[in-house]
Amino acid sequence: MDAATAPKQAWPPWPPLLFLLLLPGGSGGSCPAVCDCTSQPQAVLCGHRQLEAVPGGLPLDTELLDLSGNRLWGLQRGMLSRLSLLQELDLSYNQLSTLEPGAFHGLQSLLTLRLQGNRLRIMGPGVFSGLSALTLLDLRLNQIVLFLDGAFGELGSLQKLEVGDNHLVFVAPGAFAGLAKLSTLTLERCNLSTVPGLALARLPALVALRLRELDIGRLPAGALRGLGQLKELEIHHWPSLEALDPGSLIGLNLSSLAITRCNLSSVPFQALHHLSFLRVLDLSQNPISAIPARRLSPLVRLQELRLSGACLTSIAAHAFHGLTAFHLLDVADNALQTLEETAFPSPDKLVTLRLSGNPLTCDCRLLWLLRLRRRLDFGTSPPACAGPQHVQGKSLREFSDILPPGHFTCKPALIRKSGPRWVIAEEGGHAVFSCSGDGDPAPTVSWMRPHGGWLGRAGRVRVLEDGTLEIRSVQLRDRGAYVCVVSNVAGNDSLRTWLEVIQVEPPNGTLSDPNITVPGIPGPFFLDSRGVAMVLAVGFLPFLTSVTLCFGLIALWSKGKGRVKHHMTFDFVAPRPSGDRNSGGNRVTAKLF
């Protein structure tokens, strides 16, 4: 009773501002029950929750929304338009097959959009409208077949585009139009059969282009001509690429070029010679067997060369001639037996040398490497000796500064076997000079012309693989002394030989060689005195008989019993003048004896 009649306790009036602060969802909405909103500030983590739709009630101040690993099948227009502060949206690994135009409308602050691992097929215009601030778009691991014209036209701020592991077969010429700030593009593991050069030409700010694991057999001349700002180009795993067209990189000013795991059999010098600002060149995992001398000289700013896992058997002396800034060489896992100091312009400037996995012969050619072994960076695995047998398997770092006798030594080259030193050949014939030598390391055989200059392995006058000098279709100007030079790093030896050429005239000339006959043409015929007498007798008798017979016939004809007259008489009368019948002509009598 007392309680009933007791006066009610009066509550103090609440200020209106305090009442507003106590309202739930002061940020514009509460956290959905299936999501985590506490792990990171302004982040809503709804990944791997088996969601089939975007949960409602998302806080308006959300900056990161993770919806990856769910079962979302579509995204309708305006579904996320209230999240105007959203900066990163992860929709990867869902079942998205369509994106309606305007699906991202209202997300004007979005910087990163991840759509990898879905079922998207065609990218058409309008899909990404409203994403004016987007800088990164990841479309990997979808089923995209086509990029239509204007597909990315409204992404004016996009800087990085990932397009890999798709079924992409065609990129329309205007697909990349509007991507004025795109700096990095990756196309990998697609079904493209050609480089989409027309589409790439619409990317004026592209700095890095990565074309990986594509079944493209040729990079045609001028395919990348429009990419004047491109600095990094990566071509990886094109099994059908066997050579690089000389003009394939025209118009580029690269600082880094990687052509790896392709089928190049030689360094593409002609395609590279104009890249004067190239600093890094990677040609690893190509069947390249040699680096010849001075062919890299046009790349004056080259600093790093990587050629690991190739088929290198030799690096020539002066191979890196002119590369004054060169400081890194990676030729690990090749077939090199040596690497001579003369290959480098300044060996002391070399900082990093990857040489492991090569069957190195530790002789005098590697003394320079032994001298620099404590300063050079060999990586995790320093080079080791494969021979001679007494040092086999020993790392270069294991040798002391004072070497025992017989270590890292060579034997100078000496000529041991040669053919005739004087060879006579007829003009048009064939001449061969043989020359060989011994030494450690095995020497090389070279030949010098009579008037100076070294002979090559091609042409009419050439040096064969075994060191033999062959001269085909010998000419008079080939006459002279030929010098055989056998050399290795420890020394050289030489031998002078002489070629004499016999001039041969044609068969109808004034001078003939009686011992030479030409097939189909009889040789010269010579007569002695007896033969001359027989020829004269045979010719004179018919002549005498013919003359006698002629004189006899004339005599018989002229003495024909007086019936033959020896003179003739005839009269000549001049004709009358015209119209005068009475006048007569004068008669003239003549006798012809």
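Residues numbered from 1 in each chain as written. Predicted model: local features only at pLDDT ≥ 70, side-chain atom pairs only at ≥ 80, totals over all residues. Heavy atoms only, no water.

Section: the overall build of the protein chain
Stage number 1. Scanning the protein chain for helices and strands turns up six helices and 34 strands.
Stage number 2. Burial status across the protein chain gives 38% buried among its 593 residues.
Stage number 3. In the protein chain, the proportion of contacts linking residues at least 24 apart, taken out of those at least 6 apart, comes to 53%.
Stage number 4. Carbon and sulfur atoms make up 56% of the accessible area of the protein chain, which amounts to about 33000 Å² in all. (Helix = DSSP H or I, 4+ residues; strand = E, 2+ residues; numbered from the N terminus. Buried < 20%, exposed > 50% of the residue type's maximum accessible area, 1.4 Å probe, protein only. Contact = heavy atoms within 4.5 Å. Areas by Shrake-Rupley, 256 points an atom, 1.4 Å probe, with all protein chains shown as cover.)

Brief notes about a nonpolar patch on the surface
Stage number 1. A contiguous nonpolar patch, built from Trp 422, Ile 424 and Ile 502 and spanning about 330 Å² of accessible area, is present on the exposed surface.
Stage number 2. Among the structural elements, Trp 422 can be located in strand β25 (residues 422–426). (Patch = residues over 30% accessible without salt bridge, like charges linked within 9 Å, V, L, I, M, F, W, Y side chains within 5 Å. Salt bridge = Lys/Arg side-chain N within 4 Å of Asp/Glu carboxyl O.)

Points about empty space enclosed by the protein
Stage number 1. All chains considered together, the criterion is met by one cavity of 30 Å³ or more.
Stage number 2. The computed volume of the largest cavity comes to approximately 40 Å³.
Stage number 3. If you go around the largest cavity, the residues you meet are Leu 323, Thr 324, Phe 326, Phe 344, Pro 345, Ser 346, Lys 349 and Leu 350. (1 Å grid on protein atoms, 1.4 Å probe; cavity = no way out; pocket = protein on both sides within 12 Å on 5 of 7 lines; lining within 4 Å. Points joined across faces, edges and corners; volume = space filled by probe spheres on them.)

Topic: the state of the cysteines
Stage number 1. According to the stated counting rule, one finds five disulfides in the structure shown.
Stage number 2. There is a disulfide in this structure between Cys 35 and Cys 46, and the S-S distance comes to 1.9 Å. Classification of the bridge connecting Cys 35 and Cys 46 rests on its S-S torsion, roughly 110°, and on that basis the disulfide is right-handed. Of this pair, Cys 35 sits in the loop between α2 (16–21) and β1 (43–45) while Cys 46 sits in the loop between β1 and β2 (64–66), and the two are 11 residues apart along the sequence.
Stage number 3. With relative accessibility at 10%, the residue Cys 35 sits in the buried group.
Stage number 4. Here Cys 435 engages in a disulfide with Cys 484; their sulfurs sit 2.0 Å apart. One disulfide, between Cys 435 and Cys 484, carries an S-S torsion of -80° and so falls in the left-handed class. (Disulfide = S-S within 2.5 Å.)

Details of the pairing of β25
Both faces of the sheet carry side chains from a regular strand, because those side chains alternate between them.
Stage number 1. Where burial is concerned, the two faces of β25 differ: the one with Val 423 and Ala 425 is buried and the one with Trp 422, Ile 424 and Glu 426 is not.
Stage number 2. Two elements, β25 and strand β32 (residues 491–502), share five bridges in a ladder whose sense is parallel. What sits directly across from Trp 422, in β32, is Trp 498. (Pairing = 2+ DSSP bridges.)

Some remarks on the layout of surface pockets
If a probe the size of a water molecule is rolled over the atoms, the empty space left behind becomes visible.
Stage number 1. As a volume, the largest pocket reaches approximately 450 Å³.
Stage number 2. Lining of the largest pocket is provided by Ala 317, Glu 340, Arg 365, Pro 441, Ala 442, Thr 444, Ser 487, Asn 488 and Val 489.
Stage number 3. Considered class by class, the residues forming the lining of the largest pocket number four nonpolar, three polar and two charged. (Nonpolar A, V, L, I, M, F, W, Y, C, P; charged D, E, K, R; others polar.)

Thoughts on the packing of aromatic side chains
Stage number 1. Enumeration according to the criterion identifies 12 aromatic pairs in this entry.
Stage number 2. Both rings, one in Phe 320 and one in Phe 326, keep their centres 4.8 Å apart while their planes meet at 15°; by these two values the pair is stacked. Each member of the pair, Phe 320 as well as Phe 326, is classed as buried.
Stage number 3. When the ring of Trp 422 is compared with that of Trp 498, the centres are 5.9 Å apart and the planes differ by 20°; the resulting orientation is stacked. Note that Trp 422 is positioned in strand β25 and Trp 498 in strand β32, a separation of 76 residues in sequence.
Stage number 4. On the basis of relative accessible area, Trp 422 is assigned to the exposed category, the value being 52%.
Stage number 5. Judged by relative accessible area, Trp 498 falls into the partly exposed class, the value being 25%.
Stage number 6. Feature note: the residues Phe 104, Phe 128, Phe 147, Phe 152 and Phe 176 constitute an aromatic cluster, connected by ring pairs.
Stage number 7. When the ring centre of Phe 277 is taken as reference, the NZ or CZ atom of Arg 301 above it lies at 4.2 Å.
Stage number 8. In this structure, Lys 394 is placed above the aromatic ring of Phe 399, and the distance from its NZ or CZ to the ring centre is 4.5 Å. (Phe/Tyr/Trp six-rings, centres within 6.5 Å; stacked < 30°, edge-to-face > 60°. Lys NZ or Arg CZ within 6 Å of the ring centre and 35° of its normal.)

Examining the confidence of the model for the protein chain
Low pLDDT means the predicted coordinates in that region are not meant to be read closely.
Stage number 1. Taken residue by residue, the protein chain gives an average pLDDT of 86. The fraction at 70 or more is 83%.
Stage number 2. Predicted confidence is poor over residues 1–27, with pLDDT under 50, and the contacts of this stretch with residues over four places away or in other chains come to three contacts.
Stage number 3. Low pLDDT (under 50) marks residues 509–527, which in the prediction has eight contacts with non-local residues, meaning those over four places away or in another chain. (pLDDT = per-residue confidence, 0-100.)

Observations concerning the sheet that holds strand β29 (residues 461–463)
Stage number 1. With antiparallel pairing, three strands are arranged side by side in an open sheet as β26-β30-β29. Looking along the sheet, the strands with just one partner apiece sit at the ends: β26 (430–433) and β29. On average, adjacent strands in this sheet sit at an angle of 15° to one another, irrespective of strand direction.
Stage number 2. Relative to strand β30 (residues 469–472), β29 runs antiparallel, the two sharing three bridges. Bridged to Arg 462 within β30 is Glu 470. (Axes fitted to C-alpha atoms, helices over the stretch in contact; angles between N-to-C directions.)

As for the side chain of Thr 468
Stage number 1. The residue Thr 468 is located in the loop between β29 and β30 in this model.
Stage number 2. Note on Thr 468: relative accessible area 12%, which makes it buried.
Stage number 3. Of the polar contacts made by the side chain of Thr 468, one reaches the side chain of Asp 466; its length is 3.1 Å.
Stage number 4. Residues in contact with Thr 468, not counting those within four places in the same chain, are Val 432, Phe 433, Ser 434, Trp 447, Arg 462 and Val 463. (Polar contact = N/O pair within 3.5 Å; in protein donor to acceptor, adjacent residues only side chain to side chain.)

Description of the nonpolar core
Stage number 1. If you look at the biggest cluster of nonpolar residues, it comprises 121 residues, and the most contacted ones within it are Phe 104, Phe 128, Leu 137, Phe 147, Phe 152, Phe 176 and Phe 320.
Stage number 2. Contributions of two or more residues to this core are made by β10 (160–164), β12 (184–188), α3 (197–200), β13 (208–212), β14 (232–236), β15 (256–260), α4 (269–272) and α5 (367–371). (Core = buried A, V, L, I, M, F, W, Y, C linked by side-chain atoms within 4.5 Å.)

Points about the side chain of Asn 488
Stage number 1. Here Asn 488 shows up in strand β31 (residues 480–488).
Stage number 2. A distance of 3.3 Å separates a polar side-chain atom of Asn 488 from the backbone nitrogen of Ala 413.
Stage number 3. Discounting chain neighbours no more than four positions away, the residues touching Asn 488 are Lys 411, Pro 412, Ala 413, Gly 439, Asp 440, Pro 441 and Pro 443.

Concerning the sheet that holds β31
Stage number 1. Spatial strand order, β25-β32-β31-β28: four strands in an open sheet with mixed pairing. This sheet does not close on itself; its edge strands, each paired only once, are β25 and β28 (444–448). Strand-to-strand twist of the sheet, defined as the mean angle between neighbouring strand axes without regard to direction, takes the value 25°.

With respect to the environment of Val 391
Stage number 1. Relative to the assigned elements, Val 391 resides in the loop between β23 (385–387) and β24 (411–418).
Stage number 2. For Val 391, a relative accessible area of 4% translates into the label buried.
Stage number 3. C-alpha separation for the pair Val 391 and Thr 361, spaced 30 residues apart in sequence, amounts to 9.4 Å.
Stage number 4. Discounting residues that sit within four places of it in the chain, Val 391 has contacts with Cys 362, Cys 385, Phe 399 and His 407.

Quick look at the pattern of salt bridges
Side-chain pairing between opposite charges can occur once the charged atoms of the two side chains come close.
Stage number 1. Applying the stated criterion to the full structure yields 21 salt bridges.
Stage number 2. A salt bridge links Glu 304 to Arg 306; the nearest nitrogen and oxygen atoms lie 2.8 Å apart.
Stage number 3. The buried category is assigned to Glu 304, whose relative accessible area is 17%.
Stage number 4. Taking the relative accessible area as the measure of exposure, Arg 306 reaches 26% and is therefore partly exposed.

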